[in-house]
Amino acid sequence: MQHRPVGVDRPLLILLRSFAMASKKTATPRSTTRSTTRTGGATRDSRGQGDELHQPAGGKHPPLTTNQGLPLSDNQNSLHATPRGPGLLEDFILREKITHFDHERIPERIVHARGSGAHGYFELSKSLARYTTARILTEVGERTPLFCRFSTVAGGAGSIDTPRDVRGFAVKFYTQQGNWDLVGNNIPVFFIQDAMKFPDVVHSVKMEPDRGFPQAASAHDTFWDFISLTPEAMHMIMWAMSDRAIPRSLRMIEGFGVHSFRLLNAKGASTFVKFHWRPKLGLQSAVWDEACKLAGADPDFHRRDLFEAIENGDYPEWELAVQLFTQEQADAFPFDHLDATKLIPEELVPLTVIGRMVLDRWPDNFFAETEQVAFCPSHVVPGIDFSNDPLLQGRLFSYLDTQLSRLGSPNFHQLPINAPKCPFANLQRDGHMQMRVPRGRVNYEPSSLDPQSPRETPAGFRSASVPADDGAKGRVRPESFADHYSQARQFYRSQTPYEQAHIASALVFELSKVGTAHVREAIVGHLRHIDSALARRVADGLGLAALPAAPPAAVAAKDLPVSPPLQIIGKMKSTLQGRCVGLLIDDGSDAGTVRALRKAVEAAGARVKIVAPRIGGAKLSDGKPQTADGQLAGTPSVVFDAVAVVLADKAGKRLAKEGAAIDFVRDAYGHLKAIAVDQGGQWLLDAGGIERDEGVVDASDARSFVAAAKGRLWEREAKVRTLA
Ligand code: HDE
């Protein structure tokens, strides 16, 4: 913001003015020129010499106006009684501008405050006409526009992208029958069974109320205290401690509607449905040390990754799949599907892929779209209905209520990002920020005065007509919700040994940040119900002398069959598609090697970013300049999926004394990534004490590098860190 200096005396003004004139001639950067010219021109008539400096070359600018359309002649200076005198209350232009600025923020979301969104479309590939009247699920090939928002849960709007946390996965489909919001997460189960406990679980995970920290972290006493007293959370805890909670990219997460919903067909028959999103690029997670370092290297890592992918035309894509099942099938499940702490294993009810979502457009404006988008699980279309899941039932109330306070008006649905793209009409009227101008006398129904007034339609929304369960009214938790450990055990035992070690280590990390010993012990007690070896590993990691007692379990854990689709490693794709490789160069780097590596990596579907000690780049061995995408100190290897180091011997020797260069390879190695080095790059490996393995290859062997870069080198992990 440019300020006119207070108390500038006459000679200084003259000096500044002559400096401004000089800067004009010598093409001083625009900002300097602008401020000095304006300061120098601090007279009552400030038009004139400075104006052309505000016009970028070739611009055809509309006049700058107030919100009332009043064209402005001066957007630099407020109105003063004399050039050095007091400001005037009369200055309605300043007041309008500052008042608007003072009100720029709206309350951030209480949970899921930190989010990134994108526009896209859904395309149906398999009709569910047998099950539903929802047009979006019956018209094969039809594209439905949508807006999708990913989020973390615990942190505030300005918090980091890579904490250990659940990711929100919310999609608003603008269907021809109204908006359908599928407001899910990247984990198929939830912490609690009843909406009554939601404020408690959220309070416990948010920063502690007396000290105001930690931000965006579950590793603290209040969260684990609550969890230790909430055994129903143990299944979700297994997921939250797994690498699902530290995704590498939002483009590589799964999404789940979590609850059972109902599909309703034209005859009114209903079928239960669970919704799943599956990323085209496969699942991919960070390792914990990498996620922590990413938080420092690039707090916006996920948002930037999504933005860049869309900007590059590398559109993120997911399959939408459903699990369909009847009441009779549900009755035979060894768990209650209305309990959101349970999932339906794919072995029990297979997934059917019915379409795909493509995100192909970044929002024009973050606030207007990503911030103001208002998701509500209650937004459904005819042919989709709710189940009795008590968590879902609570959500049906909560989101509308939240939007009223966040967006401040019952007309929030009129904001462009929230408005249905199909016609909509009813007799609701008025309210804050009413944007529409309804015509006529009729604002009630039934009516006979207006043949155009909106009416009910047989094609409209209907609730499933299903008999209610037997039983009495009351504040009760169904008996069928009582098994808290069987699926937690099933999840843990379905993981690969690497993933089990990560879960155990995450528990040790989190509980080591808990100051209260009895809370740490209580959690280990719960783990004994899940898997005694896991409990022992965590107890050892915490340095507990003895294994704490397990709390009484309402239902003893059963051994359910392992389910490989619950893994991440099993769902990783051996691919470089959508990935990014960092190539560290300096003056004299071999041009041929750089070219060959780039070619091979790009042919495999990944992007290459050049890193150099200076952002201006370097001169390669052929004498040609190579610009850099990132400067070494600010572009560590954590932001890449694999790295290559191509250095002349002299540069290698010099960089071997540079912390950022050594960390570049040491972190890539520690994060189980492929590394390609030439002779000069070998200096960095030596400085980092890195031994070659099958993931550390010669830069001249681009083919082996690409092969190694397609995955993580899990076997290396035992060499680089102690896991629980
Ligand atoms: Fe939410 N949740 N939630 N939630 N939730 C919100 O609504 C709530 C739950 C989820 O990108 C809030 O607009 C209750 C499960 C996502 O804008 C709030 C309960 C799942 C988003 C709210 C739950 C979710 C929210 C805060 C228990 C996965 C972000 C801001 C009964 C299926 C959507 C807002 C976006 C946001 C309430 C549980 C997913 C306070 C009461 C389970 C992805 O209304």
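1. Here's the deal with the environment of Val189
Within the secondary structure layout, Val189 lies in the loop between strand E4 (178–185) and helix H4 (198–205). Overall, Val189 belongs to the buried group, its relative accessible area being 0%. Measuring from C-alpha to C-alpha, the distance between Val189 and Glu715 comes to 30 Å, with 526 residues separating the pair along the chain.

2. Considering the coordination of the iron atom of the ligand
The protein supplies the iron atom of the ligand with one donor atom, Tyr399 (OH), which lies at 1.8 Å. Mapped onto the secondary structure, Tyr399 falls in helix H11 (residues 390–407).

3. A closer look at the site of the ligand
Taken together, 23 residues surround the ligand, and among them Arg109, Arg149, Tyr399, Thr402 and Gln403 come closest. Here Arg149 contributes a side-chain N or O atom positioned 2.6 Å from an oxygen atom of the ligand. Between the ligand and Arg395 there is a distance of 3.5 Å, counted from a nitrogen atom to a side-chain nitrogen or oxygen. When contributions to the shell around the ligand are tallied by element, the ones reaching two or more residues are strand E3 (167–175), E4 and H11. In terms of residues, the shell around the ligand owes the most to one element, H11, which gives six residues.

4. Let's talk about empty space enclosed by the protein
On inspection of all chains with the given rule, the structure shows seven cavities of 30 Å³ or more. Its volume calculated, the largest cavity comes out at about 200 Å³. Lining the largest cavity are 22 residues; nearest its centre among them are Pro188, Phe256, His276, Leu343 and Ile344. The residue makeup of the lining of the largest cavity, split by class, is eleven nonpolar, four polar and seven charged.

5. Details of the domain arrangement of the chain
Each domain of the chain was delimited in the assignment, giving domain 1 (107–217 + 244–414) and domain 2 (575–720). Each of domain 1 and domain 2 has a C-alpha centre, and these two points are 36 Å apart. In this assembly, 17 residues from domain 1 lie in contact with 18 residues from domain 2. Contact between domain 1 and domain 2 buries roughly 1400 Å² in total, counting both sides, with carbon and sulfur atoms accounting for 45%. Counting across the interface, domain 1 meets domain 2 through six salt bridges.

6. A closer look at the sheet that holds strand E12 (residues 607–612)
One open sheet accounts for six strands, arranged E15-E12-E11-E16-E17-E18; its pairing is parallel. With one partner strand each, in any of the chains shown, strand E15 (630–631) and strand E18 (696–698) form the two edges of the open sheet. Each of strand E11 (580–584), E12, strand E16 (642–645), strand E17 (675–677) and E18 is contacted by helix H18 (residues 659–670), which is oriented at about 145° to E16, the strand it contacts most.

7. A look at unusual backbone geometry
Of note, the amide linkage connecting Phe213 to Pro214 takes the cis form, showing an omega dihedral of 0°. Structurally, the position occupied by Pro214 is in the loop between H4 and helix H5 (221–228). Cis geometry marks the peptide bond from Glu445 to Pro446; its omega dihedral reads 5°. Following the sequence through the fold, Pro446 ends up in the loop between H11 and helix H12 (486–494). Its identity is not glycine, yet Val258 carries a phi of approximately 70°, on the positive side. Relative to the elements of secondary structure, Val258 occurs in the loop between strand E5 (255–256) and strand E6 (261–264). On the accessibility criterion, Val258 (8% relative accessible area) is buried. At Leu672, a position not held by glycine, the phi torsion is positive, near 65°. Assignment of secondary structure puts Leu672 in the loop between H18 and E17. Assessed through its relative accessible area of 0%, Leu672 is described here as buried.

8. A word on helix H7 (residues 288–297)
Looking only at H7, the buried set comprises Glu290, Ala291, Leu294 and Ala295. All buried residues of H7 lie within an arc of 145° about the axis, which places them on one face of the element. Each element contacted by the buried residues of H7 is listed here: helix H8 (301–311).

9. A short note on the pattern of salt bridges
This structure, assessed with the given rule, holds 44 salt bridges. In this structure, Arg248 engages Asp641 in a salt bridge whose closest nitrogen and oxygen atoms are separated by 3.1 Å. Of this pair, Arg248 sits in the loop between helix H6 (234–240) and E5 while Asp641 is found in the loop between E15 and E16, placing the two residues 393 residues apart along the sequence. Taking the relative accessible area as the measure of exposure, Arg248 reaches 3% and is therefore buried. Its salt-bridge partner being Asp305, residue Arg251 comes within 2.9 Å of it at the nearest N-O pair. In this pair, Arg251 sits in the loop between H6 and E5 while Asp305 sits in helix H8, placing the two residues 54 residues apart along the sequence. No difference in accessibility class separates Arg251 from Asp305, as the two residues are buried. What emerges from the salt-bridge pattern is a single network uniting Glu123, Arg143, Lys280, Glu317 and Arg356.

Rules and cut-offs
- Residues numbered from 1 in each chain as written.
- Predicted model: local features only at pLDDT ≥ 70, side-chain atom pairs only at ≥ 80, totals over all residues.
- Heavy atoms only, no water.
- Helix = DSSP H or I, 4+ residues; strand = E, 2+ residues; numbered from the N terminus.
- Buried < 20%, exposed > 50% of the residue type's maximum accessible area, 1.4 Å probe, protein only.
- Donors = N, O, S within 2.8 Å, 3.2 Å for Na, K, Ca; no water.
- Near = heavy atom within 4 Å.
- Polar contact = N/O pair within 3.5 Å; in protein donor to acceptor, adjacent residues only side chain to side chain.
- 1 Å grid on protein atoms, 1.4 Å probe; cavity = no way out; pocket = protein on both sides within 12 Å on 5 of 7 lines; lining within 4 Å.
- Points joined across faces, edges and corners; volume = space filled by probe spheres on them.
- Nonpolar A, V, L, I, M, F, W, Y, C, P; charged D, E, K, R; others polar.
- Domains from an automatic or database assignment.
- Contact = heavy atoms within 4.5 Å.
- Buried area = accessible area lost by both parts, 1.4 Å probe.
- Salt bridge = Lys/Arg side-chain N within 4 Å of Asp/Glu carboxyl O.
- Pairing = 2+ DSSP bridges.
- Axes fitted to C-alpha atoms, helices over the stretch in contact; angles between N-to-C directions.
- Arc of directions from axis to C-beta.

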